[in-house]
Every structure is written in C-alpha cells, then in structure tokens.
Amino acid sequence: MRTLYILLMAILGLSLFVLECPGVELNSRYATITYQDPRALKKFNSKLYMGTLRAMVKRQGPDTIEQEVVAKINVIVERAMGVLDMYPPQLKFYIVIEPDEEAVQKHFQRLYKIDVNYIAFYSPGKNRVFYSADNGRLRVVAHEIGHVIVENYFKVSPPQKIHEVLAQYAEKHIND
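This report concerns the structure included in the present document. (Residues numbered from 1 in each chain as written. Predicted model: local features only at pLDDT ≥ 70, side-chain atom pairs only at ≥ 80, totals over all residues. Heavy atoms only, no water.)

### Topic: the packing of helix α6 (residues 138-153) against helix α7 (residues 160-173)
Where α6 meets α7, the closest approach of the two axes is 7 Å, and the angle between their N-to-C directions is 135 degrees. The angle between α6 and α7 places the two elements in the oblique class. In this structure, α6 crosses over α7, and the sense of that crossing is right-handed. Each of Arg-139, Ala-142, His-143, Gly-146, His-147, Val-150 and Glu-151 in α6 lies in contact with α7, whose residues at this interface are His-163, Glu-164, Leu-166, Ala-167, Gln-168, Ala-170, Glu-171 and Lys-172. Along the lines of polarity and charge, the residues of the contact of α6 with α7 split into five nonpolar, five polar and five charged. (Axes fitted to C-alpha atoms, helices over the stretch in contact; angles between N-to-C directions. Helix = DSSP H or I, 4+ residues; strand = E, 2+ residues; numbered from the N terminus. Parallel < 35°, antiparallel > 145°, perpendicular 65-115°, else oblique. Left-handed = near helix turned anticlockwise from the far one by under 90°. Contact = heavy atoms within 4.5 Å. Nonpolar A, V, L, I, M, F, W, Y, C, P; charged D, E, K, R; others polar.)

### What about α6?
Here α6 is 16 residues long and its end C-alpha atoms lie 22 Å apart, about the 22 Å a rise of 1.5 Å per residue gives. A large share of α6 lies buried, amounting to 12 of its 16 residues. (Expected span 1.5 Å × (residues − 1). Buried < 20%, exposed > 50% of the residue type's maximum accessible area, 1.4 Å probe, protein only.)

### Focus on a nonpolar patch on the surface
Residues Leu-111, Tyr-112 and Ile-114 make up a contiguous nonpolar surface patch of roughly 240 Å² in combined accessible area. Following the sequence through the fold, Tyr-112 ends up in helix α5 (residues 101-112). (Patch = residues over 30% accessible without salt bridge, like charges linked within 9 Å, V, L, I, M, F, W, Y side chains within 5 Å. Areas by Shrake-Rupley, 256 points an atom, 1.4 Å probe, with all protein chains shown as cover. Salt bridge = Lys/Arg side-chain N within 4 Å of Asp/Glu carboxyl O.)

### Looking at the sheet that holds strand β1 (residues 24-27)
Taking strand neighbours across the sheet as the criterion, the five strands line up as β1-β2-β3-β5-β4 in an open arrangement whose pairing is mixed. Unpaired on one side and paired on the other, β1 and β4 (120-123) mark the two borders of the sheet. Taken over all neighbouring pairs, the strand axes of this sheet differ in orientation by 20 degrees on average, direction set aside. As defined by bridge partners, β4 adjoins strand β5 (residues 128-132) across four bridges and the pair is classed as antiparallel. Across the sheet, the residue bridging to Tyr-122 is Val-129, located in β5. Its contacts with the sheet put α5 on β3 (93-98), β4 and β5, and the angle it makes with β4 is roughly 30 degrees. Against the sheet, α6 engages β3, β4 and β5, with an angle of about 10 degrees to β4. (Pairing = 2+ DSSP bridges.)

### Things to note about the pattern of salt bridges
As enumerated under the stated definition, the model contains six salt bridges in all. For Arg-29, the salt bridge identified is with Glu-78, shortest N-O distance 2.2 Å. In this pair, Arg-29 sits in the loop between β1 and β2 (31-35) while Glu-78 sits in helix α4 (residues 65-84), placing the two residues 49 residues apart along the sequence. Note that Arg-139 is salt-bridged to Glu-171, the shortest N-O span being 3.6 Å. With a gap of 32 residues between them, Arg-139 in helix α6 and Glu-171 in helix α7 connect regions that are remote in the sequence. According to the relative accessible area criterion, Arg-139 is partly exposed, its value standing at 44%.

### A word on the side chain of Ser-132
The topology assignment puts Ser-132 in strand β5. A polar contact of 3.3 Å, which involves the side chain of Ser-132, links it to the backbone nitrogen of Glu-101. Ignoring sequence-local partners within four residues, the contact set of Ser-132 consists of Phe-44, Glu-98, Pro-99, Asp-100, Glu-101, Val-104 and Ile-119. (Polar contact = N/O pair within 3.5 Å; in protein donor to acceptor, adjacent residues only side chain to side chain.)

What follows is the structure, encoded as structure tokens:
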C-alpha cells in the first residue's frame, strides 16, 4: 500500500511538472518567446507578414523558423520604439505563443477572472504578451508591443485610454 501511495504521488508530481513546463524558449534582444507546439510557432511565423519591414528581417539572415521569428520580433520592437519615439532602457519582456484564441482567452481568465474574446493581450503585471498563432498579424503584434513599450517607458503607467491610443498609433504606423 505504501509503495502504491509513493508511486501515485510521483506520477502526480511528474504530471504537474509537465503541465507547468514552459515549453520551448527563444531569446531575442528584447523578448523571451515561449511556445509549446512547434506547429503554433510555424503558423505564427507564416501569419506574421512583415510587408515593407521584410528587408530588415532578411538583413538579420534567419535560417530557421525560430531565427526568423526572433528576427521579426526584434524588427517590430525597434520599429515600434521609433514610431512612438520611446526607447525604454534595457527593455526585456516575455511573449507566449498559443495555438489558438481559446488558449489566449484562458490565460486572461486565469489572470484576471474575466471572460473575454481577445486574440492577444499584454499583461503589465507579468510583463508578458500572449498571442494566438491564428492571429499573428503584424498589426496585432505591433499593437501589443506598443503596450509593452509604453508600460516600460513611463515610471508611472499612463491611464488605460492613453495606453490604448499609443498602442493603436504603433499598430497603425508600423509600416510607415
């Protein structure tokens, strides 16, 4: 009986470890990017069409999907900082790429106890952006990174409406 109990506890402990495992981590100049499923990263990358910023990504010479995502995030962060004319010192934040909107919404519900229909969101308290691989479009990514930049630039966070206006500005002008 004691052996069964120990075995059961070991299995439970291992399953909790697997559930809490952060998955794969990629590091860019500005962000630690995590994802569980390589298919989600591939989908996110394919949806993240860079438009006129594509040449800046190619200069970084990515060879793999992982390197390409890192290069794209670096370019978007640098471009968004230029658009907003805000350069937070030593900017570091986290990105979580989920396979679909439902997973993103579950994160929001777990953090804030509110049901939403968001496809992406930024959590200032965690300094973490959650993206759905289904919606990894440039403007969505730029919008959330706009929130990151604004939050990390000011010593006191601006009001929510100002935050939103600045993130929308970064989104709208990312390809200028």
